[in-house]
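So you can see what is in the structure, the chains are spelled out below.
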Amino acid sequence: MSNRLAGKVAIVFGAGSSGATLSNGRAAALAFAREGAVVAAIDRNAAEAELTAKEIVGEGGTALAFTADVTDEDQVRTAIAASTDSLGPPTILHNNVGAAEVGDITDLDLASWDAAMRVNLTGVFLACKHTIPLMLEAGSGSIINVSSLAAIRYTGYNYPSYMASKGAVDQLTVSVALEYASRGIRANAILPGLINTPLVSRQLVTGDENRTAREMAARDAASPTGRMGTPWDVANAAVFLASDDAAYINGVCLPVDGGLAVRSL
């Protein structure tokens, strides 16, 4: 590693994993630490946050685990304050929490719609709201919001609340990027395409073992590269956007998708 993030403090929301496989959030937390950042691993599942922090420490890095549900403002505020007290003011904010519910819009009840907006969009808003003042005090900051390719194109799944909320994340990112550019804070979004994460196996591709295998193979085949990406592909993009190498990159919604965004349906 090149130690590109030495001296930086990274807050990672969604740093745990909801399944046996690696999540984008855990990969990002590990990647930030491997590049020299001090990491606050935040997740609503305390045990998962602790696993991520322990793995970082086991590799020789510095990390602490904190617990917060991103839809609860008091919990978000408290976690950020506790991280700052223990590790110093944040200069990297990585928002990775997300949830998808497949179903036709005519079958989607209002409570499910509102829940998707709170998890996918309001959580990003709350994290930015309570982190940006600390970044302003520190004099710099890089915000990376994990959106989705579904924010800008149809991906083959009927999940209108997910698509709408992730599209809003993109525009929130642009708003923050332009509002704070002159004050040392950058904001960019990553739009993962077909990535093999726990969200896929737990929320999108469900059924018996044979069906799951077929659908996962279909996802591989749907990528221009012939395979799904991995959480490390997303994490590596996040490291770059967090680093000073990306000092003049601001307000970008970056697909990490093997070229799927520019291929016709």
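Residues numbered from 1 in each chain as written. Predicted model: local features only at pLDDT ≥ 70, side-chain atom pairs only at ≥ 80, totals over all residues. Heavy atoms only, no water.

Engineer: What should I look at first to understand the overall build of the chain in this one?
Structural biologist: A tally of helices and strands in the chain yields eight helices and seven strands. For the chain, whose C-alpha radius of gyration is 17 Å, the value lies close to the compact-globule estimate of 18 Å for 265 residues. For the chain, the C-alpha atoms occupy an extent of roughly 50 × 35 × 35 Å along the three principal directions. In the chain, which comprises 265 residues, the proportion classed as buried is 48%. Contacts in the chain between residues at least 24 apart in sequence constitute 75% of all its contacts with a sequence separation of at least 6. Accessible surface, the chain as shown: approximately 11600 Å² in total, 53% of it carbon and sulfur. For the chain, the separation between the mean place of its 19 positive charges and that of its 27 negative charges on side chains is 4 Å. (Helix = DSSP H or I, 4+ residues; strand = E, 2+ residues; numbered from the N terminus. Rg over C-alpha atoms; globule rule 2.2 N^0.38 Å. Buried < 20%, exposed > 50% of the residue type's maximum accessible area, 1.4 Å probe, protein only. Contact = heavy atoms within 4.5 Å. Areas by Shrake-Rupley, 256 points an atom, 1.4 Å probe, with all protein chains shown as cover. Lys, Arg positive; Asp, Glu negative; His and termini not counted. Charge placed at Lys NZ, Arg CZ, Asp CG, Glu CD.)

Engineer: What is the right way to read the nonpolar core from this model?
Structural biologist: Burial of nonpolar side chains together is a common tendency in soluble globular proteins. One finds Leu5, Phe32, Val39, Ile56, Ile92, Ile144 and Ile190 to be the most contacted residues of the largest nonpolar core, which totals 29 residues. Contributions of two or more residues to this core are made by strand S1 (9-13), helix H1 (24-34), strand S2 (38-43), helix H2 (46-58) and helix H8 (231-242). When sequence neighbours within four positions are dropped, the list of residues in contact with Ile56 reads Ala29, Leu30, Ala33, Val39, Gly61, Thr62 and Ala63. (Core = buried A, V, L, I, M, F, W, Y, C linked by side-chain atoms within 4.5 Å.)

Engineer: Explanation requested: the packing of helix H4 (residues 110-138) against helix H5 (residues 160-180) in the structure shown.
Structural biologist: Helix packing for two helices is described by the angle between their axes and how far apart those axes are. Where H4 contacts H5, the two axes come as close as 8 Å, and the packing angle between them is 15°. When the axes of H4 and H5 are compared, the pair comes out roughly parallel. Crossing hand, H4 versus H5: right-handed. Along the contact surface, H4 presents Trp113, Ala116, Met117, Asn120, Leu121, Val124, Phe125, Ile132 and Leu136, while H5 presents Pro160, Ser161, Tyr162, Ala164, Ser165, Lys166, Ala168, Val169, Leu172, Val176 and Tyr180. For the contact of H4 with H5, a count of residues per class yields 16 nonpolar, three polar and one charged. (Axes fitted to C-alpha atoms, helices over the stretch in contact; angles between N-to-C directions. Parallel < 35°, antiparallel > 145°, perpendicular 65-115°, else oblique. Left-handed = near helix turned anticlockwise from the far one by under 90°. Nonpolar A, V, L, I, M, F, W, Y, C, P; charged D, E, K, R; others polar.)

Engineer: Looking at this structure, how should I read the pairing of S1?
Structural biologist: Residues in a regular strand project their side chains so that they alternate between the two faces of the sheet. Most of S1 is tucked away: five of the five residues are buried. Side chains of S1 alternate between two faces, with Val9, Ile11 and Phe13 and Ala10 and Val12 buried alike. Here S1 runs beside S2; their pairing, made up of five bridges, is parallel. Bridging from a neighbouring strand, Val12 pairs with Ala41 of S2. (Pairing = 2+ DSSP bridges.)

Engineer: Before we go on, may I ask you to explain the packing of aromatic side chains in this structure?
Structural biologist: Remark: the centre distance and the inter-plane angle together describe each pair of aromatic rings, the angle taken between the planes. This structure, assessed with the given rule, holds two aromatic pairs. Taken together, a centroid distance of 5.8 Å and an interplanar angle of 40° make the contact between Tyr157 and Tyr159 tilted. Ring geometry for Tyr159 against Tyr162: centres 4.7 Å apart, planes inclined by 45°, an arrangement best described as tilted. Assigned by exposure class, Tyr159 and Tyr162 land together as buried. Through a chain of ring-to-ring contacts, the aromatic side chains of Tyr157, Tyr159 and Tyr162 assemble into a single cluster. (Phe/Tyr/Trp six-rings, centres within 6.5 Å; stacked < 30°, edge-to-face > 60°.)

Engineer: I'm lost on the pattern of salt bridges in this one. Help?
Structural biologist: Applying the stated rule across the entire model yields ten salt bridges. Asp74 serves as the salt-bridge partner of Arg77, at 2.7 Å between the closest nitrogen and oxygen. One end of the pair, Arg77, and the other, Asp74, are both in helix H3 (residues 73-87), three residues apart, so they sit about a helical turn from each other. Accessibility expressed as a relative area gives 36% for Arg77, which makes it partly exposed. A salt bridge links Arg227 to Asp233, with the shortest nitrogen-to-oxygen separation between them at 3.8 Å. Using a relative accessible area of 43% as the deciding quantity, one classes Arg227 as partly exposed. Using a relative accessible area of 29% as the deciding quantity, one classes Asp233 as partly exposed. (Salt bridge = Lys/Arg side-chain N within 4 Å of Asp/Glu carboxyl O.)

Engineer: What should I look at first to understand the environment of Ala40 in this one?
Structural biologist: Residue placement: Ala40 occurs in strand S2. In sequence terms Ala40 and Ser83 are 43 residues apart; their C-alpha atoms lie 6.2 Å from each other. In contact with Ala40, not counting residues within four places along its chain, are Ala10, Ile11, Val12, Leu64, Phe66, Ser83 and Leu87.

Engineer: Would you explain the sheet that holds S1 in this entry?
Structural biologist: Strand pairing in a sheet is mediated by backbone hydrogen bonds. Such pairs are either parallel or antiparallel. The parallel open sheet is built from seven strands, whose spatial order is S3-S2-S1-S4-S5-S6-S7. Single-partner strands in this sheet number two, and they are strand S3 (63-67) and strand S7 (253-256). Across the sheet, the mean angle separating the axes of adjacent strands is 20° when strand polarity is ignored. Direction of pairing for strand S4 (residues 92-95) relative to strand S5 (residues 141-146): parallel, over a ladder of four bridges. By the bridge assignment, His94 is partnered in S5 with Ile144. Here H3 sits on the sheet and contacts S1, S2 and S3; the angle it forms with S3, its principal contact strand, is near 160°. On top of the sheet, H5 reaches S5, strand S6 (185-192) and S7; it is set at about 160° to S6, its chief contact.

Just distances and angles here, no functional claims.
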